[in-house]
Amino acid sequence: MTAPRYFALIPAAGVGARMGGTVPKQYTRLAGKPMLARVLDTFVGISAIAHTFTVVSSGDEHIDEAMTEVTGDRSLLSILRVGGDTRRQSVLNGLHAMRGRMDVSDDDWILVHDAARPGIDAESIEKLMHAIHDDVTGGLLALPVVDTLKRADADGRIDRTIPREQLWAAQTPQMFRYGLLRHALEQAEHVTDEAGAIEALGLKPLLVEGSARNFKVTLPHDVALAELYLKEFA
Ligand code: CTP
Ligand code: MG
């Protein structure tokens, strides 16, 4: 048996409704470069990742220009114009389409990473790969919750406090084997991340501690924070 390979899959087919703006948020410029180009720079720089696929919507008018701003070896990147109506559907379509482009086996690892998390760094990705590489299930980067959590009632009053011990906030990359991930996403319709689909099969993904700078850029004020982190680590 040959050793499993690593592939990255970047869902970038959202519209960025909460961000507003004139272009979908994955194309927002952060410290001079489109968010998606920054993410692709990071993945292209990891030699253990054989190829990185980006899923965009079929009518995307910004991807070609964004690609010109990627530094590093662009032959390691492919664009798949197969975005769906939900993140889950975009990822699932991407998994199908990548097999048409490349010889991907069921045992190969897929790292799914949001285009909207430009703060991801090579060290965190390598930490995840190292922690998971011989795991049977797979896992994800996540952060232990530090705030005290309250569940609200319908009137906006506290119903109860949720103990934060053992609570984590899920991030990406989420890393699972191709065959298991595709099967899990085909089964689970109402999941918001890959781990949720794997959990629905009764399996237990491994939580690997990430960093705060890998937060998801969602609202307009997140842009300034993302730029702050990028400059700090430039
Ligand atoms: N995504 C996708 N296909 C969709 C929806 C989302 O590929 N149909 C991608 C986004 O481009 C993003 C990631 O999934 O990289 C995380 O989604 P989110 O942060 O929710 O982005 P949007 O859906 O674009 O934003 P919003 O929910 O505010 O519209
Ligand atoms: Mg969304």
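Every value quoted in this text rests on a predicted model; they were computed, and no experiment measured them. (Residues numbered from 1 in each chain as written. Chains lettered and ligands numbered in written order. Predicted model: local features only at pLDDT ≥ 70, side-chain atom pairs only at ≥ 80, totals over all residues. Heavy atoms only, no water.)

Here the focus is the overall build of the protein. Along the protein, the regular secondary structure elements total seven helices and eleven strands. On C-alpha atoms alone, the protein measures out to a radius of gyration of 18 Å, which is about the 17 Å that the 2.2 N^0.38 rule sets for 234 residues. Summarising its shape, the C-alpha atoms of the protein cover approximately 55 × 45 × 35 Å along the three principal directions. A burial count over the protein gives 47% of its 234 residues as buried. In the protein, once contacts between residues fewer than 6 apart in sequence are set aside, the share between residues at least 24 apart is 73%. When the 25 positive and 32 negative side-chain charges of the protein are each reduced to one mean point, those points stand 2 Å apart. (Helix = DSSP H or I, 4+ residues; strand = E, 2+ residues; numbered from the N terminus. Rg over C-alpha atoms; globule rule 2.2 N^0.38 Å. Buried < 20%, exposed > 50% of the residue type's maximum accessible area, 1.4 Å probe, protein only. Contact = heavy atoms within 4.5 Å. Lys, Arg positive; Asp, Glu negative; His and termini not counted. Charge placed at Lys NZ, Arg CZ, Asp CG, Glu CD.)

For the rest of this paragraph, the subject is the site of ligand 1. Lining the immediate environment of ligand 1, one finds 18 residues, of which Pro11, Gly16, Ala17, Lys25 and Ser90 sit closest. Here threonine 86 contributes a backbone N or O atom positioned 3.3 Å from a nitrogen atom of ligand 1. Separating a nitrogen atom of ligand 1 from a side-chain N or O atom of serine 90 is a distance of 2.7 Å. In isolation ligand 1 exposes 560 Å². Once the protein is present, 88% of that is buried. Grouping the constituent residues of the shell around ligand 1 by class yields seven nonpolar, five polar and six charged. (Near = heavy atom within 4 Å. Polar contact = N/O pair within 3.5 Å; in protein donor to acceptor, adjacent residues only side chain to side chain. Areas by Shrake-Rupley, 256 points an atom, 1.4 Å probe, with all protein chains shown as cover. Nonpolar A, V, L, I, M, F, W, Y, C, P; charged D, E, K, R; others polar.)

Let us now look at the nonpolar core. The biggest cluster of nonpolar side chains holds 31 residues, and the ones touching the most others in it are Ile10, Leu36, Phe43, Ile49, Ile125, Met129 and Met175. Residue assignment for this core shows that the elements contributing at least two residues are β1 (6-11), α1 (35-44), α2 (63-67), β5 (77-80), β6 (109-112) and α4 (122-132). Setting aside residues up to four positions removed in sequence, isoleucine 10 forms contacts with Leu36, Val39, Leu40, Phe43, Thr52, Phe53, Thr54, Val55, His113, Asp114 and Ala115. Grouped together as the second largest cluster of nonpolar side chains are 25 residues, Ile110, Tyr178, Leu185 and Ile198 included. (Core = buried A, V, L, I, M, F, W, Y, C linked by side-chain atoms within 4.5 Å.)

In this section: α4. Owing to its 3.6 residues per turn, the α-helix aligns residues three or four sequence positions apart on the same side. Of the residues making up α4, those classed as buried are Ser124, Ile125, Leu128, Met129 and Ile132. In a view along the axis of α4, the buried residues occupy a sector of 135°, so they form one face of it. Seen from the open side of α4, the exposed residues pointing more than 90 degrees away from its buried face are Glu123 and His130. Capping of α4 at its N-terminal end is provided by aspartate 121; its side-chain oxygen lies 3.2 Å from the backbone amide nitrogen of glutamate 123. (Arc of directions from axis to C-beta.)

Right, let's talk about the pairing of strand β4 (residues 49-55) for a bit. Burial within β4 is extensive, with six of its seven residues counted as buried. The sheet contact formed by β1 and β4 spans six bridges and is parallel. Its bridge partner being in β4, alanine 8 is matched across the sheet by threonine 52. With four bridges connecting them, β4 and β5 associate as parallel partners. Note on β5: the bridge partner recorded for threonine 52 is leucine 77. (Pairing = 2+ DSSP bridges.)

Remember that the coordinates give geometry; whether it matters functionally is a separate question.
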